[in-house]
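These are the residues of each chain, in order.
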Amino acid sequence: MHRRLGVLLLAGIAMAALPLAAAALGLDVEAKGGVGFALGSTDNSDVTGIPRVAGQGGISADLYLLTAGPVDLGIAAGAEYAYLTTHSTWKNYGSLGSDQTTDGRYNYLIFPISLVARYPLSQSVQLTAHLGGFIGYFVSGKYDLSWDPQNPGFGLVNSTDNKFNSDTTNKTEYGIHATAGADVAIMPNVSVSPAVQLDMGLTDNTPNTAAPPAGTNGDFKDTIWSLTFMVGIKYKAL
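Please read all numbers here as calculations on a predicted model, not as lab measurements.

*Asks:* Explain the nonpolar core residue by residue, including any values.
*Replies:* Grouped together as the largest cluster of nonpolar side chains are 18 residues, with contacts concentrated most on L84, Y106 and Y108. Of all the secondary-structure elements, those providing two or more residues to this core are β4 (71-90), β5 (99-120) and β6 (125-148). Looking at which element gives the most residues to this core, the answer is β6, with five residues. Dropping the residues within four chain positions of it, Y106 is found in contact with A82, Y83, L84, T86, F138, S140, G141, F164, T169, N205 and I224.

So, in structure tokens, the structure goes:
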């Protein structure tokens, strides 16, 4: 249901944008990619984490519709692939006397929708910013578990390349999408666009299940986010 809703929403926006494009001030199309950091949040006070590597890339389109003084304003949408890695430690897991360390690797498809603004700093440089949200779909992932100490009697043994599935990861997530960067012209209608991009998940990415020590995530809310440093090639189609 969530997947169908997301597809219908994106299709509706695309159809609504067609008549707007005819009267648009400009249309920029961009291919971009970059690396950065991924981390998560949780309301489980026994879990701590540290940033790990994130990689992201995709395409986007900025449709500028009106001007407010020197600033052009419009709407933007895109499609991106995100590879997110996480590292967390759960102290005294399930009160069983062992610490659980999880190294996760997630693959997501992300569809951002946002407002966009650009400000001309000079003839060849424009500052740009996006603020909106995204719909994310979990594609696949794996994780490694390590225990200190191991406790075979409770099944607490080290393992690698365990697969995330519907029991461990929700398929759909929503969150905040924001960027800040610049367009630096390198030839007519083409620019290089460095930017910082934040995709912050707001929804729980782990299903609520029975509480530990059954070996599950319990009723905690866990989210995941990324901060990436992107470089794009942008083409001014209008």
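And the narrative resumes.
*Asks:* Break down the environment of T102 for me, with residues and values.
*Replies:* Looking at where T102 falls in the secondary structure, it is placed in strand β5. For T102, a relative accessible area of 16% puts it in the buried group. Separated by 42 residues in sequence, T102 and D144 have C-alpha atoms that sit 5.7 Å apart. In this structure T102 touches T86, H87, S88, Y143, D144 and L145, once residues within four positions along its chain are discounted.

*Asks:* Could you give me a rundown of a nonpolar patch on the surface, with the residues and numbers involved?
*Replies:* On the surface, F37, V196 and F229 cluster together to form a nonpolar patch covering roughly 270 Å² of accessible area. Following the sequence through the fold, V196 ends up in strand β9 (residues 190-201).

*Asks:* So what's going on with the packing of aromatic side chains? Which residues, and what values?
*Replies:* One pass over the structure, following the stated rule, counts eleven aromatic pairs. Ring centres of W90 and Y93 lie 4.6 Å apart, and the angle between their planes is 75 degrees; on these two criteria the pair is classed as edge-to-face. Across the pair, exposure class does not vary: W90 and Y93 are buried alike. Each ring, one from Y143 and one from F164, has its centre 4.7 Å from the other, and the planes form 35 degrees; the classification is tilted. Taken together, the residues span a long stretch of sequence, with Y143 in strand β6 and F164 in the loop between β7 (159-163) and β8 (172-187) at a distance of 21 residues. Judged on exposure class, the residue Y143 and its partner F164 are both buried.

Parameters and conventions
- Residues numbered from 1 in each chain as written.
- Predicted model: local features only at pLDDT ≥ 70, side-chain atom pairs only at ≥ 80, totals over all residues.
- Heavy atoms only, no water.
- Core = buried A, V, L, I, M, F, W, Y, C linked by side-chain atoms within 4.5 Å.
- Buried < 20%, exposed > 50% of the residue type's maximum accessible area, 1.4 Å probe, protein only.
- Helix = DSSP H or I, 4+ residues; strand = E, 2+ residues; numbered from the N terminus.
- Contact = heavy atoms within 4.5 Å.
- Patch = residues over 30% accessible without salt bridge, like charges linked within 9 Å, V, L, I, M, F, W, Y side chains within 5 Å.
- Areas by Shrake-Rupley, 256 points an atom, 1.4 Å probe, with all protein chains shown as cover.
- Salt bridge = Lys/Arg side-chain N within 4 Å of Asp/Glu carboxyl O.
- Phe/Tyr/Trp six-rings, centres within 6.5 Å; stacked < 30°, edge-to-face > 60°.

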